Structures are given as structure tokens and as C-alpha cells.
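One letter stands for each residue in the lines below.
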Amino acid sequence: PSPAPREPTALTRPRAAVHARAGAIHSAQRSSPERGSGLRRAAWGLVVLAVAVGAGLALDDRLRALVGIEVAQGPEIQQAQPEDKVVWLTRSEPRWFSVVVEGADPEQPPQMRWYLNDVLVAEGTTMWEYDPAKNLQDLTSHGEVRFLLGTGRLPGQSHIWATQTAAKDLSPVLQSASYKPGSTITAAVGDTVVIEVDAIDPDGSPLTYTWRVDGKRVGGNAPRLELQARRDAKITLAISDGGAVVSSSWGLAIGSGKP
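None of the values given here were measured: they were computed from a predicted structure.

*Asks:* I'm lost on the overall build of the protein in this one. Help?
*Replies:* For the protein, the count of helices and strands is four helices and 16 strands. Every one of the 259 residues in the protein was classed for burial, and the buried ones make up 33%.

Below is the structure:
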């Protein structure tokens, strides 16, 4: 005896609908030869759609309308605030950004990430506040705030605001340093360690340099620090234009190597 037919599943139903539509086009092609070439192209397109549906790929609204099927949608961004496409950010005023997400499972919320110029600033929330005290050093004259939902690769899963910031509102920029900020400098006891930095201020304001070793101020107001290695320590530098500050730090580890 022949096996009993299987009950269509959520995956096979859309695929069957696509194949049925392709079959109808082939029938129409036989009855109307003059439309053969166009119908053949349409039939092949639907076969491709059937393969896509069978593989579980997402279809946009136009493709769903073409094949006459409904495919469940994942969560999507429906609204975003501010509505402006370009947002001005300053060193004195905070700014809120938010989105409305629909279609999400409250028990299994999708991944949500906020970026300011490629710097991850928040996760797992539909709202983020630009805070100059925390985020000023990540600003550029022309940048962006980006919200990603899930992978951020499908329609309705990302929203971008372009940002602009006046030069007078930008923080100093550390362009280079003799040791990479965040790294550990290895030196022997008694060795001389020299750290030099190159920094600019976008609007040309004069800069001040504050060096500290384990919290105690050392050196002078200069982009260069020279000290004797005596013990493991933490070295920090704060560069200010009189309003905004950009900070860097290095570790100092006593070992056998030269700096």
C-alpha cells in the first residue's frame, strides 16, 4: 500500500504554494504560446523562490505578494526617535534616542545593540542616551548613531541617525603615542621609561597634559613623560582643552626586558 500523505508543515506549505503557482504558469504557457518566453521566465523565478522558501530564507513583501503566501515575520523596527535624519550632538547637552520594536517575543527578546561611530555604547534596550560626560571622546564632526535588531541584516532590523558636531564641541584627539594606550610597558628596575604622545584639538584650543602614576601627579604639562621604573604601576594621562578631557592609561611591569 502507498504511504499516507504527510500533513503539510509550516515550511512545506509555502513551498507547495510556490510550486502550485509555477504549475499554473506552465499551463498558461501551453494554452498561450505567444506568451511563452515571459511565462517561462516567471516560472523559473518561482522555482527559485520555492528553493529559497525550502531553505528557510526570508522573503520580502513583494515576493510574498508574487507567490500569494504568508511567511511569518520576525521583529521589526516600526518607529524611531528623534525623527530627524541628522542630529546635532554637543559637549553640553545629552540627547535621547529610542525605537519601537514590534513582533518580538517578550520571553525571548531579540539582540539589541546601540553604536556611536562603531563604538558599542548599549545593549538589550530600545532606548539610549547620549551623555557628553561618557561619550564625548567618541564623537566626530560627521558620524552616526546606529541601532541594530538581531543581526541587523534584514529589512526593518537597523536604523541610523547621521550626527554632526561642531569643532568647538569635539574633545581633543590623541593621534599617536610611543606606547599603545592600554598596553603594558615592561622595564627593569632603574630603567628610564619615556612616553610621548601627539594630540590635537579640532578647533585649535591649547591643550594641557596631566600625568599620574598610581593616582599621584608626576611630570609637567607636556606631551612627554620620563620616569624611572621602580615597581609595577599604572600610568594615566588626561588631555584637556579646558572643557573636554580625553584619557589614556598604560601599565608598567617590572621585568628583565628593556622598554
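Text resumes after the structure shown.
*Asks:* Looking at this structure, I do not really get the environment of G152. What am I missing?
*Replies:* By the element assignment, G152 lies in the loop between β7 (142–149) and β8 (158–164). Between the C-alpha atom of G152 and that of E76, which follows or precedes it by 76 residues, the distance is 10.0 Å.

*Asks:* What should I look at first to understand the side chain of S171 in this one?
*Replies:* Its location among the elements puts S171 in the loop between β8 and β9 (173–177). On the accessibility criterion, S171 (4% relative accessible area) is buried. Those residues in contact with S171 that lie beyond four places of it in its chain are R91, L136, Q137, D201, P202 and A244.

*Asks:* I'm lost on the packing of aromatic side chains in this one. Help?
*Replies:* The way to describe two aromatic rings as a pair is by their centre distance and the angle between their planes. Here the structure, examined in full by the defined rule, presents six aromatic pairs. Ring centres of F97 and W128 lie 5.7 Å apart, and the angle between their planes is 25°; on these two criteria the pair is classed as stacked. With F97 in strand β3 (residues 95–102) and W128 in strand β6 (residues 127–130), the pair connects residues that are 31 residues apart, well separated along the chain. Taken as a pair, F97 and W128 share a single burial class, namely buried. With 4.8 Å between their ring centres and 55° between their planes, W114 and F147 make a pair best called tilted. Highlighted residues: W114 in strand β4 (residues 112–116) and F147 in strand β7, separated in sequence by 33 residues. Here W114 falls in the buried class, since its relative accessible area comes to 0%. Assessed through its relative accessible area of 0%, F147 is described here as buried.

*Asks:* Is there a simple way to explain the environment of R230 in this structure?
*Replies:* Looking at where R230 falls in the secondary structure, it is placed in the loop between β14 (224–228) and β15 (233–240). Along the backbone, R230 and V189 are 41 residues apart, and their C-alpha atoms lie at a distance of 5.1 Å. Not counting residues up to four positions away in its chain, the partners in contact with R230 are V189 and I254.

*Asks:* I keep staring at the sheet that holds β9 and nothing clicks. Help me out?
*Replies:* On the basis of which strands lie adjacent, the open sheet formed by three strands has the order β9-β11-β14 and antiparallel pairing. A strand with exactly one partner marks an edge of an open sheet, and here the two such strands are β9 and β14. Between one strand and the next, the sheet's axes are offset by a mean angle of 25°, whatever the strand orientation. Strand direction decides the pairing type here: β9 and strand β11 (residues 192–200), joined by four bridges, are antiparallel.

*Asks:* Is there a simple way to explain the sheet that holds β4 in this structure?
*Replies:* Sheet strands pair by backbone hydrogen bonding; their relative direction is either parallel or antiparallel. Reading across from one edge, β2-β8-β7-β4-β5 is the order of the five strands in this open sheet, with mixed pairing throughout. Two strands bound the open sheet, and with one partner strand each, they are β2 (86–88) and β5 (119–123). Across the sheet, the mean angle separating the axes of adjacent strands is 25° when strand polarity is ignored. Pairing analysis gives four bridges linking β4 to β5, with the strands arranged antiparallel. Counted as the bridge partner of L116 is V119 from β5.

*Asks:* In this structure, what is going on with the nonpolar core? I would like to understand it.
*Replies:* Side chains that are nonpolar tend, in soluble globular proteins, to be buried together. Formed by 21 residues in total, the largest nonpolar core has its most connected members in V193, I195, Y209, W211, I235, W250 and L252. Breaking this core down by element, the ones donating at least two residues are β10 (184–187), β11, β12 (208–213), β14, β15 and β16 (245–254). Counting residues in each nonpolar core, the second largest holds 20 residues, with F97, V145, L149 and W161 among its members.

*Asks:* Could you clarify how one ought to interpret the pattern of salt bridges in this entry?
*Replies:* Between side chains of opposite charge, pairing is possible as soon as their charged atoms come close. Tallied over the entire structure, the rule returns seven salt bridges. Note that K168 and D169 form a salt bridge whose closest N and O atoms lie 3.5 Å from each other. Taking the relative accessible area as the measure of exposure, D169 reaches 9% and is therefore buried. Ionic pairing is found between R224 and E226, a salt bridge with its closest N-O pair at 3.1 Å. Judged by relative accessible area, which is 40%, R224 ranks as partly exposed. Several salt bridges converge on common partners, so that one network encompasses D118, E144 and R146.

Conventions adopted
Residues numbered from 1 in each chain as written. Predicted model: local features only at pLDDT ≥ 70, side-chain atom pairs only at ≥ 80, totals over all residues. Heavy atoms only, no water. Helix = DSSP H or I, 4+ residues; strand = E, 2+ residues; numbered from the N terminus. Buried < 20%, exposed > 50% of the residue type's maximum accessible area, 1.4 Å probe, protein only. Contact = heavy atoms within 4.5 Å. Phe/Tyr/Trp six-rings, centres within 6.5 Å; stacked < 30°, edge-to-face > 60°. Pairing = 2+ DSSP bridges. Axes fitted to C-alpha atoms, helices over the stretch in contact; angles between N-to-C directions. Core = buried A, V, L, I, M, F, W, Y, C linked by side-chain atoms within 4.5 Å. Salt bridge = Lys/Arg side-chain N within 4 Å of Asp/Glu carboxyl O.

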